[in-house]
Structures are given as C-alpha cells and as structure tokens.
Amino acid sequence: MKMPFLRASLAWLAAIVELISLSACASMTGSSAAGSSAAPGDSGQLLSIDHFVRVKSTAPSMTGQTAQVYVRERVVSRNLLRGASSVVLFVHGAGTPAEVAFDVPYSDYSWMAYLANAGFDVFSMDMEGYGRSTRPTVMNDPCNLARTQQTLFVPALISAPCAQSFQGSATTIASDWNDIGAVVDYVRALRHADKINLAGWSQGGPRAGGYTAQHPDQVQRLVLLAPAYARTGPDSSPGARPDAVVFNTQSQKEFDANWDRQVGCPDQYDKSVSASVWSEMVASDSVGGTWGAGVRRAPTVPSWGFNKNVVSKNQTPTLMVAGVHDKQVNPTNVRAYYEDLASPEKVFVDLACSSHNAMWERNHLLLFQASLEWFQQGTVNGAKNGMLKLGYDKDQKNVD
C-alpha cells in the first residue's frame, strides 16, 4: 500500500496548494448554478479537482501496461480543509464517461455538485477506454467497429469495410473491477476512509455492484440507477471470443433518438440539457470528436458476476432506482435485483416521468434527494426497506 498512500499524499498536497492559490482549474465551476447554492456569507466554494490514478492494466488489449484512470473530485473548499464527512465514488455506464454523466454543467443537473454541496467529498472515475482515461490504441482503428458501423465512416476514415486489426474484447468487466479497485484504494488513502459509498448507472450496476459483492468491507452504502442486472447471467468469464466487437460509436443523432424513444410524459426533459451533455461527451473524446461531426467511442465490455448467485450473498445497504419509461434496462430486471439482494436494508424506487437518463430529466432532483438521504441515513422518505414510488402526483400524469 505504500504507492497508493504516496500518490494520495501528493494529490492531497496538490489539492491544498490549488485551494490556497484559488487556481482557475479548481474554481472554474464556482460560478455555475450547480455550485452556487452556498448560504449567503458562507465562504465555501465548490471546487473541481482532477486526479490521475496509475494502474497496471488487466484489459486484454493492454495487459501489463501502465494506464492512467481519470478521476474528478467535487468538494466544497471548507470540507477539503477540514475533511468531508463521507466519500462517494460514481461509476459510469456502458457509453457515457462519468464526469459527463454525473457532473452536467447546466443549471442544477450535476449530481456530483448536489452531493458535494450537502457535505460529501464526491469523486467520479472513467474506466480504461472511456473519457479522459487511457484508451486502448485498438479503439483508434475504425476497422475494429462492427461492419454496420464501419459503413458510417466510409470514405471519410476508411475506403471500405475492413477486417478487424484486433481479435477479442478491448476491456472486460474484470479489468473494470481492477480499475475500480485502484481508485478505491487511492481515494480511501487520500481521505483516510475505511469505507466509501459507491453510486453507479446502467452498466455501472455490474461494475459497482459486482465490485461491492467482492469487497463488502470497503463499501458503506450503494446507490444504483437502472442497474443492468442479469438474474441468470454467468458467474465468471465465458471465455474470450475472437469475433467480439472491440468498440462502438454513437453520434448525436443516435444519442437523441435513443433518448426520444423513452419519452412517456410531457416535458420529460429539456433539450438544453441534452445539448450540454452531448457537448461534454464529444469534448471528452479527443479522437472521436474528429470523426465526422463528432462521435463518442466506448469499448464493448463483456459482463459477468452480477447475478442471483452473487447478490443473494451481499449484505450492503442498497438503493436502486428505475425510471418508469426506461427502455434500455427493463424496470422488471431492477425489481428482480431487489428480490434477490440479501441485504435487509434495501429500497427500490419507481421514478415517475423518467427514462434511462433520469439524472438529466425533470425529476432529477427527486433522484438526487433520495440518494442523499440514503447516503446520509440509509433511508428514503424514512424507509430502510421496501418499494416506493416517487414523482407520481396529479401534475405528473404518465402517458403510456
């Protein structure tokens, strides 16, 4: 543990120097709406601090190489100096990097800022292959896309569909767990915390939930939005597949269409939020941003270890949330997760007027508040266990 503690000490020193100097990097979000909720006369400023955690990669496309995992921290300055009461680490899903998903720089849509303003020291991390973390070089080759996606880049990037230059998966759920482990060690050392809280979205369910099942001694509480639970999924790796698609892309048109097919009530989301998220998405990918009008790239990650056999042994207090209109992760699967989870402290929330992208939609503050109460008290609306509905009032009638 010497190296994680050394890295943590250096990062802590850098953070203090950054705070004292009030550098532009640390204070750049201080004037945003998400970061301006401090009480009048309160000198606390919401900071954004970047960290890079070195990890020995176990990803099939980078095995043994040193990768850098990008970690963003949001914390109020007074808590950085005196030590925040608790730590939260956000884990992203299959396509959107964590800082894009959870720290939207528009109005009050930053989930990270919401928790930071409530006193938490909040971190997010990008797995290898995502955002500002090291990306396997095989993701720079359009030939490693599925043939149907390759055609989208003819003739701009390739003259014709082509054979893959890499066989197999670029990353796996196991290499994701390795990345999470490195960041958890780093954050625990940095903040002298025995346990931290984890929050995940979508594929962040198998990532954060699977990691928690393996390391319950490190996780205090868990919050999962639309977790991709597979009750009958495999316990372990099904083995390498040479025909696996290495990575995928998404255009803004595809992003918008995927969201719009999940709209089930009036004014479910603000197009300005969508535009902000997409802008941040493209900015996080220096290569994908140059492909045509700009795309986001993500590895195609085989998953296992998040099934009934695994969660039926896990006792970690868990809040799980499903948007009623989610067409990417069926809410029925999230209910199955609730039924199978061994923990007696578990709450399922059915969130009205919400899709897979609930944290970017009109009921986002209901989601944020539920997560805050869970992290603070282990309850939602005072309940430690049970199935709840949020947002179903006379002004939010669903249209199915």
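Our subject is the structure that appears above.
Quick caveat, the model's predicted, so the values are computed rather than measured.

**Here we look at the overall build of the protein**
And step 1. The helix and strand inventory of the protein stands at 13 helices and 11 strands.
And step 2. Evaluated residue by residue, the protein yields a buried proportion of 57% over its 400 residues.
And step 3. A separation of at least 24 residues holds for 77% of the contacts in the protein among residues at least 6 apart in sequence.
And step 4. When the accessible surface of the protein is totalled, it reaches about 16,000 Å², and 54% of it is carbon and sulfur.

**Quick notes on the state of the cysteines**
And step 1. Applying the stated criterion across every chain, the model contains two disulfides.
And step 2. Between the sulfur atoms of Cys-265 and its disulfide mate Cys-353 the distance is 1.6 Å. Given an S-S torsion of about 55 degrees, the disulfide between Cys-265 and Cys-353 has right-handed geometry. Placement of Cys-265 in the loop between helix H9 (252-260) and helix H10 (271-283) and of Cys-353 in the loop between strand E10 (346-351) and helix H13 (364-377) is noted, with a sequence separation of 88 residues between them.

**With respect to the side chain of Asp-126**
And step 1. Among the structural elements, Asp-126 can be located in the loop between strand E4 (121-125) and helix H6 (147-150).
And step 2. For the buried Asp-126, no salt bridge is present, and the opposite-charge side chain at shortest range is Arg-132, 5.4 Å distant.
And step 3. In this structure the side chain of Asp-126 is engaged in a polar contact, spanning 3.1 Å, whose partner is the backbone nitrogen of Arg-132.
And step 4. Beyond its immediate chain neighbours, meaning those up to four positions away, Asp-126 contacts Val-69, Tyr-70, His-92, Pro-97, Ala-98, Glu-99, Gly-131, Arg-132 and Ser-133.

**A look at the nonpolar core**
And step 1. By size, the foremost hydrophobic cluster in this structure holds 92 residues, and its most contacted members are Trp-111, Met-359 and Trp-360.
And step 2. In this structure Met-359 touches Ala-101, Phe-102, Tyr-109, Trp-111, Trp-201, Leu-225, His-364, Leu-367 and Phe-368, once residues within four positions along its chain are discounted.
And step 3. Listed in part, the 10 residues of the second largest apolar core include Val-138, Phe-166, Val-246 and Val-295.

**Here we look at the pattern of salt bridges**
And step 1. Scanning all chains against the criterion turns up 15 salt bridges.
And step 2. Between Asp-340 and Arg-231 there is a salt bridge, with its nearest N and O atoms 2.8 Å apart. Residue Asp-340 is found in helix H12 (residues 331-340), and its partner Arg-231 is found in the loop between strand E6 (219-225) and strand E7 (247-250); the two are separated by 109 residues along the sequence.
And step 3. On the basis of relative accessibility, which here comes to 35%, the residue Arg-231 falls in the partly exposed class.
And step 4. Residue Asp-260 is joined to Lys-271 by a salt bridge in which the shortest nitrogen-to-oxygen separation is 3.4 Å. Here Asp-260 is found in helix H9, whereas its partner Lys-271 is found in helix H10, with 11 residues between them in sequence.
And step 5. On the basis of relative accessibility, which here comes to 35%, the residue Asp-260 falls in the partly exposed class.
And step 6. Judged by its relative accessible area of 52%, Lys-271 is exposed.

**Topic: the side chain of His-356**
And step 1. Relative to the helices and strands, His-356 resides in the loop between E10 and H13.
And step 2. Residue His-356 is classed as buried on the basis of its relative accessible area, which comes to 2%.
And step 3. Residues within four places of His-356 in sequence aside, it is in contact with Trp-201, Ser-202, Leu-225, Ala-226, Gln-262, Asp-326, Gln-328 and Val-329.

**Things to note about unusual backbone geometry**
And step 1. Backbone torsion omega between Val-154 and Pro-155 reads 5 degrees, so that peptide bond is classified as cis.
And step 2. By secondary structure assignment, the location of Pro-155 is in the loop between H6 and helix H7 (173-191).

**Some remarks on the pairing of strand E9 (residues 318-323)**
And step 1. Across the six residues that make up E9, a large majority, six, are buried.
And step 2. Across the two faces of E9 the burial is the same, with Thr-318, Met-320 and Ala-322 and Leu-319, Val-321 and Gly-323 all buried.
And step 3. The sheet contact formed by E6 and E9 spans four bridges and is parallel. Across the sheet, the residue bridging to Val-223 is Leu-319, located in E9.
And step 4. Examined bridge by bridge, E9 and E10 share six bridges and lie parallel to one another. When the bridges of E10 are listed, Gly-323 appears paired with Leu-351.
And step 5. Following the backbone out of E9, through H12 and into the adjacent parallel E10, one traces a crossover that is right-handed.

**Observations regarding the packing of H9 against H10**
And step 1. Packing of H9 against H10 leaves a shortest axis separation of 11 Å and a crossing angle of 140 degrees. Considering the angle they form, H9 stands oblique to H10. Our pair here, H9 against H10, has a crossing hand that is right-handed. The residues of H10 that touch H9, namely those facing Gln-252, Phe-255, Asp-256, Trp-259 and Asp-260, are Lys-271, Ser-274, Val-277, Trp-278 and Met-281.
And step 2. Of the residues contributing to the contact of H9 with H10, the split by class is five nonpolar, two polar and three charged.

What counts and how
- Residues numbered from 1 in each chain as written.
- Predicted model: local features only at pLDDT ≥ 70, side-chain atom pairs only at ≥ 80, totals over all residues.
- Heavy atoms only, no water.
- Helix = DSSP H or I, 4+ residues; strand = E, 2+ residues; numbered from the N terminus.
- Buried < 20%, exposed > 50% of the residue type's maximum accessible area, 1.4 Å probe, protein only.
- Contact = heavy atoms within 4.5 Å.
- Areas by Shrake-Rupley, 256 points an atom, 1.4 Å probe, with all protein chains shown as cover.
- Disulfide = S-S within 2.5 Å.
- Lys, Arg positive; Asp, Glu negative; His and termini not counted.
- Salt bridge = Lys/Arg side-chain N within 4 Å of Asp/Glu carboxyl O.
- Polar contact = N/O pair within 3.5 Å; in protein donor to acceptor, adjacent residues only side chain to side chain.
- Core = buried A, V, L, I, M, F, W, Y, C linked by side-chain atoms within 4.5 Å.
- Pairing = 2+ DSSP bridges.
- Right-handed = clockwise from strand over helix to strand, strands pointing away.
- Axes fitted to C-alpha atoms, helices over the stretch in contact; angles between N-to-C directions.
- Parallel < 35°, antiparallel > 145°, perpendicular 65-115°, else oblique.
- Left-handed = near helix turned anticlockwise from the far one by under 90°.
- Nonpolar A, V, L, I, M, F, W, Y, C, P; charged D, E, K, R; others polar.

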